[in-house]
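Next come the chains, spelled out residue by residue.
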Amino acid sequence: MSVPPLPQSRHLATEIPGPGSVQLARRREAAVARGVASTLPVYAARAGGGIVEDVDGNRLIDLGSGIAVTTVGAAAPRVVDAVQRQVAEFTHTCFMVTPYEGYVAVAEALNRITPGSHEKTSVLVNSGSEALENAVKIARAHTRKTAVVAFDHGYHGRTNLTMALTAKSMPYKSGFGPFAPDIYRAPTSYPYRDGLIDKDLGSDGTRAAERTIRVIESQIGAANLAALVIEPIHGEGGFIVPAPGFLPALLAWCRDNNVVFVADEVQTGFARTGAMFACEHEPIVPDLICTAKGIAGGLPLAAVTGSADIMDAPHLSGLGGTFGGNPVACAAALAALTAVEADDLLGRARQIERLILDRLGRAQADDDRIGDVRGRGAMIAVELVQPDTAEPDPGLTKALAAACHRAGVIVLTCGTFGNVVRLLPPLTISDELLAEGLDVLTGELAKL
Ligand SMILES: *Cc1c(COP(=O)(O)O)cnc(C)c1O
C-alpha cells in the first residue's frame, strides 16, 4: 500500500482549527475522557518529513515530533516497510509464550548502542513509565535496598511509581495520590537558575553535586538507597542541561555506595541530542538506561538496558508483560535504528542544533524576555521571563505557542514554571522548513 507523497511546505487551507477538526472535537467531547488534553485543536490525517497535515488539508511545520517520538520521521520508509512485512507475518505471540527473533535482535542492538562496552542485557516493555517501573524493580532486586532518589524538575511518567518519581504536581500528580513510598527528591543542577544564586554553583557541576549528595546522605542515607534516577537532560522540567561535572560526580558517588545509577533517556535517546544517548556528552556510563519515545519510529516500545549483573538480579518470571516487545514494534525499532545509522541522523541532529542556536541566539540578543536558550542537538528550548528579570512568564509562553499554532507551526511548551518553549523537530525536517518554523516563532514573539 502506498500513499501519495506529503508536500513539504506549510500551507493554511482554513483557519486553525478548520471545520473538519471542529467536528471531530465535538465527537471527542462526548467520547473521550476529559482528563486527556491535546496541545493543538487540529486532527491529524497524515504526517512525515517535517510536516503534519490535518483533516482540513492544513499542513503544519512539525517542531514537536509527537513529543520527541518521530525522530526518524512519522512515516519513515524503512519503518513503514518493516511494519507492513511483520504485521503480515504475525502481530503477536507473546515473548513469554513463544518467543521470536525480533525481540532478541532489539535487545542485541540496545546492548550494542548504549554507552559502555561491558556485558549488558535488556528487557522490553511498552512505555517510558513502564521502563522506569522496571528499572526500579531491577535495582531493588540487585541491591536488596528500597529507597529511590529522583530530582527537582524530573519527569518519569504517570503510573503510580513514576508519579512519585516525577517532580511537578500540576497536571501530573495533583489529586492522584497516595504515591509509592520510599521515593525522595534531591536538588538537580539548573545552570541558569543556580547561577542567579551563586555563579560557581551554576557553572561547576561538581559544586552542584556536592549540594545534592549532602541532601541524599542526610535525608536518605546510602545504606537505604537502591537507585538514583535522573534524566541526563531534564525534558518536561524545561530542557535543563546540568552543569559539566554534575552527572559524573553523582555516578562516582553511586559507584562508591552500591547505588544503581539509572539514566532516564526516554526523551533524550536515539540521536535526539546529536549523540545516540545524551549520557555520551558527559561522558558517563550509567548502570541502567531507560529508553522509549524515539526507539521505534512512532510505535509503542520501551526498554531497560544495563550491566548484566544488575539486569539479571530479578528471579525468573520476575520481569515481563503481555505486550512487552511486540513483534511489530520490534521490527519498527530495528528499521528506525537502521535509519539513524545509515542516514547519519546524529550528524543531522548536530546541524539542526547549529541552525536553531544561531537563530535563537540572535533573537535573544534583541529580546530581554528570552532568559535562556539551551539544549543539545534537536532538543533546544527557550526560557521566557519578565523583561530584565528571571521571573518566569508562563502567560507569554502560552500566548506564543498559541500564536505559532494559528500560524501553522507545531511547538510544545514545558518547564516546572510553564515558561519554556521547546523545539523537538524530526531529524527528517528540511533546513528550509526548520528556518521557516523558527521565523514564525521569533516573528510571533516580536508581536507579543
Ligand atoms: C515521556 C517520558 C517518560 C514517560 O514515558 P511514557 O511513554 O509517556 O510513559 C519518562 N521519562 C521521560 C524523561 C519522558 O520524557
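Check the entry above for the structure.
The sections below set out a description of the structure shown in this document. Please read all numbers here as calculations on a predicted model, not as lab measurements.

Turning next to the overall build of the chain. The helix and strand inventory of the chain stands at 15 helices and 15 strands. Counting only C-alpha atoms, the chain reaches 60 × 60 × 45 Å along its principal axes. Buried residues in the chain amount to 56% of all 448 residues. Considering only intrachain contacts with a sequence separation of at least 6, the fraction spanning at least 24 residues in the chain is 74%.

Further remarks concern the pairing of strand β15 (residues 420–423). What you see with β15 is no split at all: Val420 and Arg422 on one side and Val421 and Leu423 on the other are buried throughout. Judged from the four bridges that link them, strand β12 (residues 379–384) and β15 form a sheet pairing that is antiparallel. Each bridged residue has a counterpart across the sheet, and for Val382 the counterpart in β15 is Val421. Judged from the three bridges that link them, strand β14 (residues 412–414) and β15 form a sheet pairing that is antiparallel. Bridge pairing links Thr413 to Val421 in β15.

For the rest of this paragraph, the subject is unusual backbone geometry. A cis amide bond, omega 0 degrees, links Gly177 with the succeeding residue Pro178. In this fold, Pro178 is placed in the loop between α6 (160–165) and β6 (183–186). Even without being glycine, Phe239 reaches a positive phi, approximately 50 degrees. Note on placement: Phe239 falls in the loop between β7 (225–230) and α10 (246–256).

Turning our eyes to something else, we now look at the pattern of salt bridges. Summed over all chains, the structure comprises 17 salt bridges. Salt-bridge contacts for Arg193 lead to Glu383; the nearest nitrogen and oxygen are separated by 2.6 Å. Residue Arg193 is located in helix α7 (residues 191–197), and its partner Glu383 is located in strand β12; the two are separated by 190 residues in the primary sequence. Owing to a relative accessible area of 15%, Arg193 belongs among the buried residues under this scheme. What makes Glu383 buried here is its relative accessible area of 0%. Here Asp367 ties to Arg369 by a salt bridge, and the two come within 2.9 Å at their closest N and O atoms. Asp367 sits in the buried class, given a relative accessible area of 13%. Each of Arg193, Asp372, Arg374 and Glu383 takes part in salt bridges that share partners, so that together they form one network.

On to the nonpolar core. Counting 94 residues, the largest nonpolar core has Leu288, Val304, Leu360 and Val411 as its most contacted members. No other element matches the 11 residues that helix α12 (residues 327–342) contributes to this core. In terms of nonpolar packing, the next biggest core, distinct from the first, is built from 26 residues, Ala208, Ile220, Leu251 and Trp253 among them.

For the rest of this paragraph, the subject is the packing of aromatic side chains. Counting across every chain of the model gives five aromatic pairs. Their ring planes at 10 degrees and their centres at 3.6 Å tell us that Phe95 and Tyr103 sit as a pair that is stacked. Classification of Phe95 as partly exposed rests on a relative accessible area of 25%. One aromatic cluster is present, built from ring pairs that chain together Phe90, Phe95, Tyr100 and Tyr103. Positioned over the ring face of Phe179 is Lys173, at 5.2 Å from the centre of the ring.

A few words now on empty space enclosed by the protein. What the rule picks out here adds up to three cavities of 30 Å³ or more. Listing elements by their share of the lining of the largest cavity, those giving two or more residues are α4 (101–113) and α12. Among the elements that take part in the lining of the largest cavity, α4 stands out by supplying four residues, more than any other. Tallied by class, residues from the lining of the largest cavity come to nine nonpolar, no polar and no charged.

A full pass over the atoms with the stated rule returns zero disulfides. No disulfide involves Cys94; its nearest neighbouring cysteine sulfur is the one of Cys330, lying 12 Å away. By relative accessible area, Cys94 is classed as buried at 7%. Among the cysteines around Cys414, which has no disulfide bond, Cys404 carries the closest sulfur, lying 14 Å off. Overall, Cys414 belongs to the buried group, its relative accessible area being 7%.

A few words now on the sheet that holds strand β8 (residues 260–264). Read across the sheet, seven strands follow the order β4-β10-β9-β8-β7-β5-β6 without closing on themselves; strand pairing throughout is mixed. The open sheet has two free edges, formed respectively by β4 (120–125) and β6, since each of these has just one partner strand. In this sheet, adjacent strand axes meet at a mean angle of 20 degrees when their direction is disregarded. Pairing of β8 with strand β9 (residues 288–291), which is carried by three bridges, proceeds in the parallel orientation. Looking at β9, one finds that Asp264 is bridged to Cys290. Together, β5 (147–151), β7 and β8 form the strand contacts of α10, whose direction differs from that of β7 by roughly 165 degrees.

What counts, and where the lines are drawn
Each residue is numbered by its place in its chain's sequence as written, counting from 1. The predicted nature of this model means local features are confined to residues of pLDDT at least 70 and side-chain atom pairs, given and counted, to a pLDDT of 80 or more, with totals for whole chains, interfaces and linings taken over all residues. In computing side-chain values, all of the structure's heavy atoms are included and hydrogens and water are not. The helix and strand labels rest on DSSP assignments: H or I over at least four residues marks a helix, E over at least two residues marks a strand, and numbering proceeds from the N terminus. Exposure categories follow from relative accessible area, calculated using a 1.4 Å probe and restricted to protein chains: below 20% of the type maximum is buried, above 50% is exposed, and the middle band is partly exposed. When checking whether two residues touch, look at their non-hydrogen atoms; a contact exists if any pair is within 4.5 Å. Strand pairing follows a simple DSSP-based rule, namely that at least 2 bridges must link the two strands. Take a side-chain nitrogen of Lys or Arg and a carboxyl oxygen of Asp or Glu: if they are within 4 Å of each other, that pair is a salt bridge. Remark: nonpolar core denotes a set of buried residues (Ala, Val, Leu, Ile, Met, Phe, Trp, Tyr, Cys) joined through side-chain atoms within 4.5 Å. Two aromatic rings from Phe, Tyr or Trp, using only the six-membered ring of Trp, form a pair when their centres are within 6.5 Å; if the ring planes differ by under 30 degrees the pair is stacked, by over 60 it is edge-to-face, and anything between is tilted. Two conditions define a charge located above a ring, namely a distance within 6 Å from the ring centre to NZ of Lys or CZ of Arg, and an angle within 35 degrees of the ring normal. Cavity and pocket criteria rest on a 1 Å grid covering protein atoms alone: a 1.4 Å probe that fits but cannot get out defines a cavity, protein on both sides within 12 Å along at least 5 of 7 lines defines an open pocket, and an atom within 4 Å of a point defines a lining residue. Grid points are joined across faces, edges and corners, and a volume is the space filled by probe spheres set on the points. Note on residue classes: Ala, Val, Leu, Ile, Met, Phe, Trp, Tyr, Cys and Pro are nonpolar, Asp, Glu, Lys and Arg are charged, and everything else, Gly too, is polar. By definition, disulfides here are pairs of cysteine sulfur atoms that lie within 2.5 Å. Axis definition: a line fit to C-alpha positions, over the contact stretch in the case of helices; interaxial angles, taken between N-to-C directions, run 0 to 180 degrees.

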